[in-house]
Every structure is written in structure tokens, then in C-alpha cells.
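# Inside the fold
Here's the letter readout for the chains.
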Amino acid sequence: MIGQTIRSTEFFWAKTYHQPSAPLEGLLGRTFHKLDRRGKYIVAHLDVGYLWIHLRMTGRLYFSQHLQGEDRWTRAALGLDSRYLIFSDARKFGRIGFCLDLDWLEEKLGPEPLTLDAKIFGRILHRPTAIKALLLDQARIAGVGNIYADESLFAAGVHPLEPANKIKPAKALVLLTHLQAILQRAIQHEGATIGWYRKPDGQKGSSQDHFQVYGKTNQPCPHCGAPIQRILVTQRSTHFCAKCQKKSSTAVS
Ligand SMILES: [Zn+2]
């Protein structure tokens with residue numbers, strides 16, 4: 001994408017273009033300078049302004065020579081110099097926006113987990129919220145998703161309903177270390193394909209082959225053999241081992 005200019009924009013599902021955004025016409029003639037990420041947002045720096053993309057549940061990005069081929073889930077297409085950038089999204093929750101600055105994003109999102117230090121992490125934990133809910137709260141820490149929250153809590157031996165402010169500093173450091181290592185490994189494995197996610201070349205990511213607890217309900221815990229349990233925390237599927245991740249008496253129920 002770098003160096004390519006946007007020649008046309010097509011939105012086949014109007015809601016995919018996030019509102020309020022700068023007028024779509026402003027994208028025409030803009031050139032991609034740099035690709036970045038903030039939290040779960042893909043942020044493309046243009047010569048003027050920013051194009052951002054949030055894939056949500058089922059969003060996919062890939063290049064195609066054709067505007068609409070066999071992919072009936074194409075919601076948007078940007079015509080570049082020599083091909084189209086296709087945004088495909090079966091469930092239609094994904095969003096694309098255009099903005100002239102990123103202040104709104106910075107106001108919305110907490111710090112990045114990969115660059116968090118123990119001191120700031122400790123400050124974030126200073127609330128009685130269940131730790132799983134806190135890890136998913138993008139305003140507190142940006143970019144941790146449901147899968148990696150479960151995997152990190154398991155690796156650190158922390159119960160998902162443990163109130164964040166009851167986690168001792170030494171344990172918090174263990175959790176942060178695992179969270180960062182698990183995210184780094186997931187990046188090396190090029191993401192998890194348990195549903196729709198594909199890399200731009202159409203191949204699947206392989207992170208799902210390394211899950212310890214996520215999606216393993218009733219399967220034996222890899223550490224102790226007890227069956228992995230599944231509960232809901234803030235409406236999100238949560239997997240854990242009740243034996244390895246002991247709940248303290250004060251845990252939020
Ligand atoms: Zn266990």
C-alpha cells in the first residue's frame with residue numbers, strides 16, 4: 001500500500017464507513033505514507049489525514065484486480081494505482097474511517113500492552129473490577145482481545161474474576177510478563193484463525209494451534225488435567241482452570 005494513491009472509493013454497505021468521519025471524497029488522491037496500529041485499529045498515515053480500519057469480528061483485507069469477484073461479503077473497496085484493496089466482512093461490524101487527526105483515538109484508548117511497564121500496569125489495576133473485564137477495557141489497556149486475556153490469565157495463574165486491586169504487585173508483574181509474551185507470540189504466529197480471519201495472502205494464522213485454554217471447555221488443563229471451565233465475564237466467553245487459577249474469597253461473582 002505504501003506509495004500507492006487512492007483513485008476510487010466504493011462502499012457497498014454504507015455503515016462500513018464510520019460516522020462521523022471526514023467526507024469520503026477527501027480520500028481521493030491521497031497517498032499512503034505509513035502503516036501503523038493503535039489498539040485494535042489499523043491506522044494508515046496518508047499524505048493528508050489518516051485512514052483507519054477496525055476489522056471487528058469478521059473483517060478481512062486483501063488485494064484484488066477486480067472490484068467484486070466471488071466474494072459476496074465485500075463491503076468496501078479502495079481503488080489504488082494498480083489494484084483494489086478489498087474490505088470483506090461477513091458480519092458487517094467492521095468499520096473504516098477517515099480523519100484529519102488522531103486525537104479522538106488517543107482520548108479513547110489506554111496505553112499499548114507491549115510497551116506497558118509494571119508501574120503503569122499497577123496503577124491500571126487499582127480498581128475493584130474483575131481482572132478479565134479490565135484487560136478487555138480498551139480505555140484502560142488498548143489492544144488485548146478476549147482470547148489473549150484468557151491465555152494470559154491462565155499463564156499467570158490468575159482467576160478471571162479476581163478483583164484487579166487484590167492482585168499483589170509480584171503477581172501483577174507475572175501477569176504483565178505473560179501478557180506481553182503471549183501477544184508477541186501471537187504476532188509471530190500471524191494471528192488466530194478460528195473463524196474468518198485470514199492474512200492478506202489468504203492463508204490462515206496459526207496462533208490457534210497454541211491456545212492453552214481458549215475454546216477448550218471440558219478438555220483437560222495442560223498443567224493439572226482438571227477440566228477447563230467456561231463462564232461469561234462482561235458477556236464474553238471466558239475459559240480457565242479452576243485449580244490452576246484459584247479464586248480468592250473476595251473475587252467478584
Ligand atoms: Zn489446571
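All values reported here derive from a predicted model rather than from experimental measurement. (Residues numbered from 1 in each chain as written. Predicted model: local features only at pLDDT ≥ 70, side-chain atom pairs only at ≥ 80, totals over all residues. Heavy atoms only, no water.)

### A look at the overall build of the chain
So the rule is basically this: Secondary structure elements follow DSSP: runs of H or I of four or more residues count as helices, runs of E of two or more count as strands, with numbering from the N terminus. Restricting the calculation to C-alpha atoms gives the radius of gyration, and the globule rule supplies 2.2 Å times the number of residues raised to the power 0.38. Contacts are assigned to residue pairs with any non-hydrogen atoms lying within 4.5 Å of each other. In this tally, Lys and Arg are treated as positive and Asp and Glu as negative; His is ignored, and so are the chain termini. Taken as the charge location is NZ of Lys, CZ of Arg, CG of Asp or CD of Glu.
From N to C terminus, the chain includes five helices and ten strands. Over its C-alpha trace the chain gives a radius of gyration of 20 Å, about what one expects of a compact globule, namely 18 Å for 253 residues. Its C-alpha atoms give the chain principal-axis dimensions of about 60 × 35 × 30 Å. Restricting to contacts in the chain with at least 6 residues of sequence separation, those with at least 24 account for 60%. Taking the 34 positively charged and 21 negatively charged side chains of the chain as two groups, their mean positions are separated by 10 Å.

### Points about the coordination of the zinc ion
Let me state the cut-off plainly: Any N, O or S atom lying within 2.8 Å of the metal counts as a donor, and for Na, K and Ca the limit rises to 3.2 Å; water is left out, so some sites can look incomplete. In these descriptions, tetrahedral denotes four donors with every angle between 85 and 135 degrees, square planar four donors and octahedral six donors with opposite donors over 155 degrees apart and the rest between 65 and 115, and irregular any other case. Categorising residues by exposure relies on relative accessible area from a 1.4 Å probe, with only protein chains included: less than 20% of the type maximum marks a residue as buried, more than 50% marks it as exposed, and the intermediate range marks it as partly exposed.
Taken together, the protein donors to the zinc ion comprise C221 (SG), C224 (SG), C241 (SG) and C244 (SG), at separations of 2.2 to 2.4 Å. Relative to the metal, the four donor atoms surrounding the zinc ion lie at angles of 100 to 113°, and the coordination shape comes out tetrahedral. Sequence spacing of the donor residues for the zinc ion, all on one chain, is C-x2-C-x16-C-x2-C. A relative accessible area of 4% means that C221 is categorised as buried. C224 gets classed as partly exposed once you look at its relative accessible area, which sits at 34%.

### With respect to the pattern of salt bridges
What counts here: Salt bridge criterion: a side-chain nitrogen from Lys or Arg within 4 Å of a carboxyl oxygen from Asp or Glu.
This structure, assessed with the given rule, holds nine salt bridges. The partner of E112 in a salt bridge is R37, with the nearest N and O atoms 2.9 Å apart. Note that E112 is positioned in the loop between α1 (103-108) and α2 (118-124) and R37 in strand β2 (residues 32-38), a separation of 75 residues in sequence. As a salt-bridge pair, E106 and R38 come within 2.9 Å of each other at their nearest N and O atoms.

### Remarks on the sheet that holds strand β6 (residues 74-79)
Inclusion rule: Two strands qualify as a pair provided that DSSP identifies no fewer than 2 bridges between them. Axis definition: a line fit to C-alpha positions, over the contact stretch in the case of helices; interaxial angles, taken between N-to-C directions, run 0 to 180 degrees.
Reading across from one edge, β1-β6-β7-β5 is the order of the four strands in this open sheet, with antiparallel pairing throughout. Every interior strand has two partners, whereas the edge strands, β1 (8-11) and β5 (59-64), have only one. If you compare each strand with its neighbour and ignore which way they point, the axes differ by 15° on average. Where β1 meets β6, four bridges bridge the pair, whose relative direction is antiparallel. Looking at the pairing, S8 lines up with G79 of β6.

### Remarks on the domain arrangement of the chain
Keep this limit in mind: What fixes the domain bounds is an automatic or database domain assignment. Polar contact criterion, stated in full: a pair of N or O atoms within 3.5 Å, where within protein one must be able to donate a hydrogen and the other to accept it, and residues adjacent in sequence count only if both atoms are side-chain atoms. Under the grouping applied here, Gly and all other residues not named as nonpolar or charged are polar, the nonpolar ones being Ala, Val, Leu, Ile, Met, Phe, Trp, Tyr, Cys and Pro and the charged ones Asp, Glu, Lys and Arg.
Per the domain assignment, the segments of the chain are domain 1 (8-108) and domain 2 (113-240). Between domain 1 and domain 2, the C-alpha centre-to-centre distance is 28 Å. Taken together, the contact pairs ten residues of domain 1 with ten residues of domain 2. Run the count over domain 1 and domain 2 and you get zero salt bridges. Our count for the contact surface shared by domain 1 and domain 2 stands at zero residue pairs in polar contact (both at pLDDT 80 or more). The dominant element in the side of domain 1 that touches domain 2, judged by the number of residues it contributes, is β5, at three residues. Of the residues contributing to the side of domain 1 that touches domain 2, the split by class is four nonpolar, two polar and four charged.

### Some thoughts on empty space enclosed by the protein
Note the threshold: Using a grid of 1 Å spacing that covers the protein atoms alone, one calls a set of points a cavity when a 1.4 Å probe fits there but cannot get out, and a pocket when the set is open and has protein on both sides within 12 Å along at least five of seven lines; lining residues are those with an atom within 4 Å of a point. Grid points are joined across faces, edges and corners, and a volume is the space filled by probe spheres set on the points.
Tallying each qualifying case throughout the model produces one cavity of 30 Å³ or more. As for the largest cavity, its lining consists of L51, I53, L61, A76, A77, L78, L85, F87 and I96. Here the lining of the largest cavity takes three residues from β6, the largest share from any one element. Across the lining of the largest cavity, the residue classes tally to nine nonpolar, no polar and no charged.

### Quick notes on the layout of surface pockets
One number sums up the size of the second largest pocket: a volume of about 240 Å³. Every element with two or more residues in the lining of the second largest pocket is listed here: α4 (146-156) and α5 (169-188). The residue inventory of the lining of the second largest pocket, partitioned by class, reads six nonpolar, six polar and two charged.

### Notes on the packing of aromatic side chains
Applied cut-off: Note on aromatic pairs: the rings of Phe, Tyr and Trp (six-membered ring only in Trp) are paired at centre separations within 6.5 Å, and the planes decide the class, stacked below 30 degrees, edge-to-face beyond 60, tilted for the rest. Remark: a charge is flagged as sitting over a ring if the NZ atom of Lys or the CZ atom of Arg is within 6 Å of the ring centre and within 35 degrees of the ring normal.
By the definition in use, this model includes six aromatic pairs. With 5.1 Å between their ring centres and 65° between their planes, F11 and Y17 make a pair best called edge-to-face. Centre to centre, the rings of F211 and Y214 are 5.7 Å apart; their planes meet at 80°, and the pair counts as edge-to-face. Among the aromatic residues, those joined into a cluster by ring pairs are Y41, W52 and W104. A cation over a ring is seen here: R83 above F63, with NZ or CZ 3.6 Å from the ring centre. Across the ring face of W13, the terminal group of K92 is positioned such that the distance to the ring centre comes to 3.8 Å.

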